[in-house]
Amino acid sequence: MENTQHNGRQRATAVEQPAAGHGAAAAPPDPARRQQTATERRRRELLEAADRVVLRDGPDASMNAIAAEAGITKPILYRHFGDKGGLYRALAVRHTDALLDGLRAALDSPVPRRDRVEATLDTYLAAIETRPQVYRFLMHPAEEKPDEKPGADKDSGFDVGRHSAPLLRRLGEELAQVIGERLDLGPGGEELARVWGHGIVGMMHAAGDWWLRERPCSRAQLVQHLADLLWGRLAAAGDRLGGPGF
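As the structure is a computational prediction, the values presented were derived from the model and not from experiment. (Residues numbered from 1 in each chain as written. Predicted model: local features only at pLDDT ≥ 70, side-chain atom pairs only at ≥ 80, totals over all residues. Heavy atoms only, no water.)

*Asks:* Residues and numbers for the side chain of His-95, please.
*Replies:* Relative to the assigned elements, His-95 resides in helix α5 (residues 84-107). Residue His-95 is classed as buried on the basis of its relative accessible area, which comes to 15%. When sequence neighbours within four positions are dropped, the list of residues in contact with His-95 reads Asp-51, Arg-131, Val-134 and Leu-138. (Helix = DSSP H or I, 4+ residues; strand = E, 2+ residues; numbered from the N terminus. Buried < 20%, exposed > 50% of the residue type's maximum accessible area, 1.4 Å probe, protein only. Contact = heavy atoms within 4.5 Å.)

Written out as structure tokens, the structure is:
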């Protein structure tokens, strides 16, 4: 009788305390993780608001205008990004990541090398042509207006050149890595790949900046001219054995 009662109590306990994963309530989300997710979502929303202002105002985009677009006060914007330099860096990463994705896709297209070179050049030029205001915000400082007092606002004196140089260096290093992984450049190949990577990015930036201002020819013509300039040792270099090819 005692054994029967004891076994019954054991069964009741088993029913009252189901095994984990079988009907047990899920643990509540970690509050710290919830807060991080909310902060990341809010930061993304603020960057999207900044993008809208930059598309409208270009290099004249101000923290005041971005805060108004986002429906917040400027101190809240500073809390997320620190100052205009912090906001600039966040936008630069956002747009550079998208540009690099496009450049990698062009470099990986299953076409002859010359066509890939042209597609890569065209991807860069198309990006700055499609969103010229974003390009100007990232690469050119806003001119100070005659009625503005220098130093009157944290926006004043923003040195775009100081912030844009790392963006170009990142593009150069990324391209150098692609070249080094794909081409057999012989002894000193790593150094040569970095020279070529930064040289090509510098050429694209300088030529693209000039072309965007003056439009002396079509984008297709500029791509052809730049590809002709590159088509020397790059055409003669062999692919790395077992590499993805260039």
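On we go from here.
*Asks:* Talk me through the packing of aromatic side chains; I want residue IDs and the actual numbers.
*Replies:* With the rule as written, the count across this model stands at 1 aromatic pair. Seen in terms of ring centroids, Tyr-88 and Phe-137 are 5.9 Å apart; in terms of plane orientation they differ by 40°. Their pairing is tilted. With Tyr-88 in helix α5 and Phe-137 in helix α7 (residues 132-139), this pair connects stretches of sequence that are 49 residues apart. Exposure class is identical for Tyr-88 and Phe-137. Each is buried. For Arg-114, the ring lying beneath its charged end belongs to Trp-231, and the centroid distance is 5.7 Å. Sitting over the face of the ring of Trp-211, Arg-215 holds its NZ or CZ atom 4.5 Å from the ring centroid. (Phe/Tyr/Trp six-rings, centres within 6.5 Å; stacked < 30°, edge-to-face > 60°. Lys NZ or Arg CZ within 6 Å of the ring centre and 35° of its normal.)

*Asks:* Could you give me a rundown of helix α3 (residues 63-70), with the residues and numbers involved?
*Replies:* Taken together, the buried positions of α3 are occupied by Met-63, Ala-65, Ile-66, Ala-67 and Ala-70. The first or second residue beyond α3 is Gly-71, which carries a positive phi of 75°.

*Asks:* Could you give me a rundown of the packing of α7 against helix α9 (residues 189-214), with the residues and numbers involved?
*Replies:* With their axes 12 Å apart at the nearest point, α7 and α9 run at an angle of 125° to one another. Judged on the interaxial angle alone, α9 and α7 are oblique. Relative to α9, the crossing made by α7 is left-handed. Here Pro-132, Tyr-135, Arg-136 and Met-139 of α7 come into contact with α9, specifically with His-205, Asp-209 and Leu-212. For the contact of α7 with α9, the per-class residue count stands at 4 nonpolar, 1 polar and 2 charged. (Axes fitted to C-alpha atoms, helices over the stretch in contact; angles between N-to-C directions. Parallel < 35°, antiparallel > 145°, perpendicular 65-115°, else oblique. Left-handed = near helix turned anticlockwise from the far one by under 90°. Nonpolar A, V, L, I, M, F, W, Y, C, P; charged D, E, K, R; others polar.)

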